[in-house]
Amino acid sequence: MNNNRYAVSLPGLELKNPFMPSSGSFYYGLDHIDDFDLNELGALVLKTTTMHPRKGNPQPWIIQTKAGVLNSVGLANPGIAAVKADYLPKLAEKLPNLPQMLSISGETIAEFTELATIIDQIPSISAIELNLSCPNVDEGGRAFGVSTTGITAAVSAVRAVTTKAVYAKLSPNVTDIKPLAIAAQKAGADGLTMVNTLVGMSLDLMARSVRLYRGKGGLSGEAIHPLAVEFIWEAASVVDIPIIGVGGVTIDDALELMLAGASAVQVGIMNKEDSLFLPKLIKQLPAALDKYHFETAADVTYALHPLPTDEDAWAKSKEK
Ligand SMILES: Cc1cc2nc3c(=O)[nH]c(=O)nc-3n(C[C@H](O)[C@H](O)[C@H](O)COP(=O)(O)O)c2cc1C
C-alpha cells in the first residue's frame, strides 16, 4: 500500500490512514490486540479517563432504538493512577509505533488541569482529547461543552500545562456549534473532535418505565451521521484547526464527514457490533478514493463545492 496516499498529518498525530476508534469504543485497546494488528489503525483513542475510578451506571449500558443506539455507560474507567500504572506501559510496549490519544474528563477545571499535568509526562501519549460532554460541577452540572465559558476554561487550563496536542471533543447538544468551535480554537486547542453522542431517551411502554437507569442516554450510530456532517461543515467554516469527524459510519459516511471538513474519522458504536469493523473500513479506503476520484485521503478534506446559488442550474443538475 502506498502510504502517502492514505496518510494524514495532524497535530501530534501522524496517521498512516485517517481511521481510528473513538473514545469508549475500544476501551484501552488491549482487549482488541488479538482481534487484528492494531498497527493497521491510524491511531488508537483510549477510553475517557477521570481522576478517580468510576464504576459506571447500572446496566444496561447499551440499548438499540429504531434509529441508533443509546448508551449510558457513565464513564466507567479505572481512574488515571491505574491507567498510568497498568494500561499505558503495556500499550507503549506492545504498540510503540502507533499514535495514542488519551481522552480525559474532569468534573472541575482543577481536575482537567491535574489530569493533563500527569499525561504531559507520559511519552507514549501523543495527544490528549478533552471529553467536554461531562457535567461541570462548578456550573451546576451543565456540560462543559455546551457553553463557550465552559469550553474556554477547560481547554485553556489544559493548554497551560501541556505541550502535547490537545483535541477538544465537542458536544452536539447545542443549537449553534460555531461559537463553541471558535472558543476551543481561541483557547488553544490544536484540533476538534466532532461529535460526541446526542442526548436521547427511550421508554418501555408496557412497564411505563425508562429503559436506561438514568433515563437519558447518548445516541450514536447512523442516526447521528447527518447531524455530524452538518456540525463539522459549520465548524469547518469558522476554524482553521483540523477536525476529526465521528458519527456513523460506513466508508461512504466516513468520506462524507471528510468532505464536510474532517481530516480524519473516528468510529464508535460499529466497533461494538463488529470488532473487525475498522480493519475492514481501512481496506475499503483505496477503492473508495478511486470511486470518488480522489488522489489522496487528505484531498477529501473540505473538498465540498460551495452551496448552490442558482436555482435553475440546481434543478437542471438534478434532472435525469
Ligand atoms: C458504548 C459507548 C461508550 C462511549 N464512551 C465514550 C467515552 O468514554 N468518551 C467519549 O468521549 N465518548 C464516548 N462515546 C461516544 C463515542 O466516542 C462517539 O463520539 C459517539 O458514539 C458517536 O460515534 P458513533 O456514531 O460512531 O458511535 C461512547 C459511545 C458509546 C456507544
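See the structure above.
First, a word on what this report is: a plain description of the structure on this page.

What counts and how
Residues numbered from 1 in each chain as written. Predicted model: local features only at pLDDT ≥ 70, side-chain atom pairs only at ≥ 80, totals over all residues. Heavy atoms only, no water. Helix = DSSP H or I, 4+ residues; strand = E, 2+ residues; numbered from the N terminus. Buried < 20%, exposed > 50% of the residue type's maximum accessible area, 1.4 Å probe, protein only. Core = buried A, V, L, I, M, F, W, Y, C linked by side-chain atoms within 4.5 Å. Contact = heavy atoms within 4.5 Å. Axes fitted to C-alpha atoms, helices over the stretch in contact; angles between N-to-C directions. Parallel < 35°, antiparallel > 145°, perpendicular 65-115°, else oblique. Left-handed = near helix turned anticlockwise from the far one by under 90°. Nonpolar A, V, L, I, M, F, W, Y, C, P; charged D, E, K, R; others polar. Phe/Tyr/Trp six-rings, centres within 6.5 Å; stacked < 30°, edge-to-face > 60°. Salt bridge = Lys/Arg side-chain N within 4 Å of Asp/Glu carboxyl O. Near = heavy atom within 4 Å. Polar contact = N/O pair within 3.5 Å; in protein donor to acceptor, adjacent residues only side chain to side chain. Areas by Shrake-Rupley, 256 points an atom, 1.4 Å probe, with all protein chains shown as cover. Pairing = 2+ DSSP bridges. Expected span 1.5 Å × (residues − 1). Bend = angle between axes of the 7 residues up to and from the residue.

## Quick word on unusual backbone geometry
Gln 59 connects to Pro 60 through a cis peptide bond whose omega is 5 degrees. Tracing the chain through its elements places Pro 60 in the loop between strand 4 (44-49) and strand 5 (62-65). Residues Met 194 and Val 195 are joined by a peptide bond in cis, for which omega reads 10 degrees. Structurally, Val 195 is set in the loop between strand 12 (191-194) and strand 13 (198-201). Not every positive phi belongs to a glycine, and Arg 208 is a case in point at roughly 50 degrees. Structurally, the position occupied by Arg 208 is in the loop between strand 14 (203-204) and strand 15 (209-210). For Arg 208, a relative accessible area of 80% puts it in the exposed group.

## Brief notes about the nonpolar core
Ile 104, Leu 192 and Met 194 are the most contacted members of the largest nonpolar core, which has 95 residues in total. Top contributing element to this core by residue count: helix 9 (residues 277-291), with 7 residues. Residues within four places of Ile 104 in sequence aside, it is in contact with Thr 48, Thr 49, Phe 112, Leu 115, Ala 116, Ile 119, Ile 128, Glu 129, Leu 130, Asn 131 and Val 158.

## Describing the packing of helix 3 (residues 109-120) against helix 4 (residues 148-161)
Following both chains from N to C, one finds helix 3 and helix 4 inclined at 30 degrees, their axes separated by 8 Å at the closest point. Classed by the angle they form, the pair helix 3 and helix 4 counts as roughly parallel. The interaxial crossing formed by helix 3 with helix 4 has right-handed handedness. Contacts between helix 3 and helix 4 involve Ile 109, Phe 112, Thr 113, Ala 116, Thr 117 and Asp 120 from the former and Ala 153, Ala 154, Ala 157, Val 158 and Val 161 from the latter. Here the contact of helix 3 with helix 4 is composed, by residue class, of 8 nonpolar, 2 polar and 1 charged.

## What to know about the packing of aromatic side chains
All chains considered together, the criterion is met by 5 aromatic pairs. Summarising the aromatic geometry, the rings of Phe 26 and Phe 36 are spaced 6.3 Å apart at their centres and angled 65 degrees between planes, so their arrangement reads as edge-to-face. Of this pair, Phe 26 sits in the loop between strand 3 (19-21) and strand 4 while Phe 36 sits in the loop between strand 3 and strand 4, and the two are 10 residues apart along the sequence. Taken together, the aromatic side chains of Tyr 27, Tyr 28 and Tyr 87 make up a single cluster linked through ring pairs.

## Looking at the pattern of salt bridges
This structure, assessed with the given rule, holds 6 salt bridges. Between Asp 290 and Arg 5 there is a salt bridge, with its nearest N and O atoms 2.8 Å apart. Of this pair, Asp 290 sits in helix 9 while Arg 5 sits in helix 1 (residues 3-6), and the two are 285 residues apart along the sequence. A residue is classified by how much of its surface remains accessible, and Asp 290, at 46% relative accessible area, is partly exposed. Notably, a salt bridge pairs Glu 234 with Lys 178, separated by 3.2 Å at the nearest N-O pair. Here Glu 234 is found in helix 6 (residues 225-236), whereas its partner Lys 178 is found in helix 5 (residues 178-186), with 56 residues between them in sequence. Overall, the relative accessible area of 19% leaves Glu 234 in the buried class.

## A short note on the site of the ligand
What surrounds the ligand is a group of 24 residues, the closest being Ser 22, Ser 23, Lys 47, Thr 48 and Gly 221. Within the side chain of Thr 48, an N or O atom sits 2.6 Å from a nitrogen atom of the ligand. Burial of the ligand by the protein amounts to 97% of the accessible area it has alone, namely 600 Å². Contributions of two or more residues to the shell around the ligand are made by strand 4 and helix 8 (269-273). A breakdown of the residues in the shell around the ligand according to their chemical character gives 8 nonpolar, 13 polar and 3 charged.

## A short note on the pairing of strand 4
With 6 of 6 residues buried, strand 4 lies mostly within the body of the structure. Direction of pairing for strand 4 relative to strand 7 (residues 100-104): parallel, over a ladder of 4 bridges. Residue pairing across strands places Thr 49 opposite Ile 104, the latter belonging to strand 7.

## A short note on helix 9
Across its 15 residues, helix 9 extends 20 Å between first and last C-alpha, which sits within 8% of the 21 Å expected from 1.5 Å per residue. Of all the bends in helix 9, the greatest reaches close to 40 degrees and is centred on Leu 285; the proline Pro 286 follows between one and four positions later. Those residues of helix 9 not exposed but buried are Phe 277, Leu 278, Pro 279, Leu 281, Ile 282, Leu 285, Ala 288 and Leu 289. His 293, located one to two residues past helix 9, shows a positive phi value of around 60 degrees.

## Comments concerning the sheet that holds strand 6 (residues 68-71)
One open sheet holds the 4 strands; their spatial order is 5-6-16-13, and the pairing between them is antiparallel. The open sheet has two free edges, formed respectively by strand 5 and strand 13, since each of these has just one partner strand. Mean inter-strand twist for the sheet, computed between neighbouring axes without regard to direction, equals 40 degrees.

## Focus on the environment of Ile 33
Topologically, Ile 33 is positioned in the loop between strand 3 and strand 4. Take Ile 33: its relative accessible area is 27%, and that puts it in the partly exposed class. Ignoring sequence-local partners within four residues, the contact set of Ile 33 consists of Leu 38 and Lys 94.

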